[in-house]
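Below are the chains, spelled out letter by letter.
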Amino acid sequence: MPIGLVESLFWLSLNIYHESRGEPEIGQLAVAHVTLNRAMEDDKSLADVIFAPNQFSWTFQKKNYAPLEINPLQESLRIALKAMTTPDFTNGSTFYHHVGVAPGWTAGKAYTGRYGSHKFYRQADPPISAAAF
């Protein structure tokens, strides 16, 4: 495996582990696809996307990123591999939040679905201008 791929797999696995371990597989896959979608949209590495300021809570709430549970880590690795090799089913989602909160940033975003205990969104399509016709 090329080093860039190994590094991407490492960071994606950690993001799945910290953001969605304990979720059903579909929820963990959706979190992985959001991470991958952001990287593709911004043409950045997964590490750059994950560690962008205030994007994923574990990167600014935890002082130690080391996983403490081996089985969820192994599952996160399996799901990261699956996400990297399967089509995105989240309709291009680049945002999500836990169902127990109602963040203000969802205004102007297009809701794409709920997977596990998270709601997913993407940028809303701009309105079609009458001048376009």
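Our structure's up above, just so we're on the same page.
Structural notes, computed from the coordinates. Everything numeric here is computed off the predicted structure, so don't read it as measured data.

Pairing within the open sheet is antiparallel, and its three strands lie in the order β1-β3-β2. The sheet is open, and its two edges are formed by β1 (95–98) and β2 (109–115), each paired on a single side. Sheet twist, expressed as the average angle between the axes of neighbouring strands with direction ignored, equals 25 degrees. Here β2 runs beside strand β3 (residues 118–123); their pairing, made up of six bridges, is antiparallel.

What follows covers the pattern of salt bridges. For the coordinates displayed, the defined rule picks out five salt bridges. Between Arg78 and Glu25 there is a salt bridge, with its nearest N and O atoms 2.6 Å apart. With a gap of 53 residues between them, Arg78 in helix α5 (residues 70–84) and Glu25 in helix α2 (residues 25–42) connect regions that are remote in the sequence. For Glu25, a relative accessible area of 27% translates into the label partly exposed. Arg78 is the salt-bridge partner of Glu75, the closest N and O atoms lying 2.7 Å from each other. With Glu75 and Arg78 both in helix α5, this residue pair falls three residues apart, about one helical turn. Salt bridges sharing partners connect three or more residues here, namely Glu25, Glu75, Arg78 and Lys82.

Each value, and the rule that gives it
The numbering scheme is per chain: residues are counted from 1 as the chain's sequence reads. At least 70 in pLDDT is required for a residue's local features to be given in this predicted model, at least 80 for side-chain atom pairs to be given and counted, and no such filter applies to totals for whole chains, interfaces and linings, which use all residues. Side-chain numbers come from the whole structure's heavy atoms, not from hydrogens or water. A pair of strands is considered paired only if DSSP assigns at least 2 bridges between the two. Counting from the N terminus, the helices are DSSP H or I runs at least four residues long and the strands are E runs at least two residues long. The convention used is that axes are lines fitted to C-alpha atoms, helices contributing only their stretch in contact, and that angles between N-to-C directions extend from 0 to 180 degrees. For salt bridges, the criterion is a side-chain nitrogen of Lys or Arg within 4 Å of an Asp or Glu carboxyl oxygen. To sort residues, take the accessible area from a 1.4 Å probe on protein chains only and compare it with the maximum for the residue type: under 20% means buried, over 50% means exposed, and anything in between is partly exposed.

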